[in-house]
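# A look at the structure
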Amino acid sequence: MGNILLALVPAVMWGIQPLILQTIGGKTSNQQMGMSLGALIFSIGVLFFHQPVWSWHLILASFVCGLAWAFGQITQIESFHIIGVSAAMPISTGMQLIGVTLFGIFYFHEWTSTMDYVYGISALIVIILGVFFTAYREKGDNSGKQGAMQRGLFVLVLSTIGQVTYNVIPRMADLNGWDVLFPARNRYGNRCNGF
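To keep things clear, this report deals only with the structure shown in the data block. (Residues numbered from 1 in each chain as written. Predicted model: local features only at pLDDT ≥ 70, side-chain atom pairs only at ≥ 80, totals over all residues. Heavy atoms only, no water.)

## Digging into the overall build of the chain
Helix and strand counts for the chain stand at six helices and two strands. In the chain, the succession of helices and strands from N to C terminus is α-α-α-α-α-α-β-β. Residues counted as buried form 39% of the 195 residues belonging to the chain. The contacts of the chain with a sequence gap of at least 6 include a subset with a gap of at least 24, amounting to 75%. (Helix = DSSP H or I, 4+ residues; strand = E, 2+ residues; numbered from the N terminus. Buried < 20%, exposed > 50% of the residue type's maximum accessible area, 1.4 Å probe, protein only. Contact = heavy atoms within 4.5 Å.)

Structural data, given as structure tokens:
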């Protein structure tokens, strides 16, 4: 039970992060800089407890991962300004789940049994429906809101490309979750956003 509660902490913190960003305010670049500095401070703190084995492989993979995270995060923050957190976060989360799952299926071959496909495809359908209903706007909506939603969705697609890339690079590069904390911040376990 304790492990489940511990596993929920990142999900809760990730969920309230956009609310904190919007409450604090500022431009997209200010919010991105704040998140990056916070991640850097946390990563430096981790260095006191865990020293990674430095290699060019680790540095290069963390750098590419960091570029993907920075691109994905700044476009996600921009989408908050365009369509709001309440619309952007469910869509962003759903698209990331779909993207990472597809990588897991086709690149990492994680689904091996028939039941994996039955449960997995069922879950993906539910996620896709959730994203669709979150993004759906009635025909009576004025064109300004519709135009903002279309622009916001385009920005979220770009964000998803960055976020999914950032999520799969450590696994593709066979990196240890602790080692990518610095020069990277670990938000989801074996994932990084390097500096």
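The rest of the description comes next.
## Observations concerning the side chain of T160
Its place among the elements puts T160 in helix α6 (residues 143–172). Leave out the neighbours within four places in its chain, and T160 touches S92, M95 and Q96.

## Topic: the packing of helix α4 (residues 85–106) against helix α5 (residues 114–135)
Two elements in contact, α4 and α5, have axes whose closest approach is 9 Å; the angle formed by their N-to-C orientations is 155°. As summarised for this structure, α4 and α5 are arranged roughly antiparallel, according to the angle between their axes. The way α4 lies across α5 gives a crossing that is left-handed. Each of A87, P90, I91, G94, M95, L97, I98, T101 and I105 in α4 lies in contact with α5, whose residues at this interface are Y117, L124, I127, I128, V131, T134 and A135. Among the residues making up the contact of α4 with α5, the classes are represented as 13 nonpolar, three polar and no charged. (Axes fitted to C-alpha atoms, helices over the stretch in contact; angles between N-to-C directions. Parallel < 35°, antiparallel > 145°, perpendicular 65-115°, else oblique. Left-handed = near helix turned anticlockwise from the far one by under 90°. Nonpolar A, V, L, I, M, F, W, Y, C, P; charged D, E, K, R; others polar.)

## Some remarks on a nonpolar patch on the surface
On the surface, M1, I4, L5, L6, L8, V9, V12, M13, I16, L19, I20 and I24 cluster together into a nonpolar patch covering about 1200 Å² of accessible area. Inspection of the secondary structure assignment puts L19 in helix α1 (residues 2–24). (Patch = residues over 30% accessible without salt bridge, like charges linked within 9 Å, V, L, I, M, F, W, Y side chains within 5 Å. Areas by Shrake-Rupley, 256 points an atom, 1.4 Å probe, with all protein chains shown as cover. Salt bridge = Lys/Arg side-chain N within 4 Å of Asp/Glu carboxyl O.)

## Topic: the nonpolar core
Among the nonpolar cores identified, the biggest contains 27 residues, and F80, I83, I91 and L156 are the most heavily contacted of them. For this core, the leading source of residues is helix α3 (residues 56–83), giving nine residues. Once you skip the residues sitting within four places of it in the chain, F80 turns out to touch P18, L21, Q22, V85, A88 and M89. (Core = buried A, V, L, I, M, F, W, Y, C linked by side-chain atoms within 4.5 Å.)

## Some remarks on the packing of helix α2 (residues 28–47) against α3
In a packed pair of helices, the relevant descriptors are the angle between the two axes and the axis-to-axis distance. One can describe the packing of α2 onto α3 by two numbers: an axis separation of 9 Å at closest approach and a directional angle of 135°. By the angle between their axes, α2 is oblique relative to α3. The two elements α2 and α3 cross, and the hand of that crossing is right-handed. Residues T28, Q31, Q32, M35 and S36 of α2 touch α3, and the partners they reach there are W69, A70, Q73, I74, I77, E78 and H81. The residue inventory of the contact of α2 with α3, partitioned by class, reads five nonpolar, six polar and one charged.

## Section: the packing of aromatic side chains
For any pair of aromatic rings, geometry is given as the distance between the ring centres together with the angle between the planes. Scanning all chains against the criterion turns up four aromatic pairs. Ring centres of W111 and Y117 lie 5.3 Å apart, and the angle between their planes is 90°; this geometry places the pair in the edge-to-face category. (Phe/Tyr/Trp six-rings, centres within 6.5 Å; stacked < 30°, edge-to-face > 60°.)

## So, unusual backbone geometry
The phi angle at H109 is positive, at roughly 55°, despite the residue not being glycine. With respect to the element layout, H109 can be found in the loop between α4 and α5. Residue classification places H109 among the exposed positions, given a relative accessible area of 55%. A positive phi angle, near 55°, is found at D174, a position not held by glycine. Tracing the chain through its elements places D174 in the loop between α6 and β1 (184–185). Using a relative accessible area of 69% as the deciding quantity, one classes D174 as exposed.

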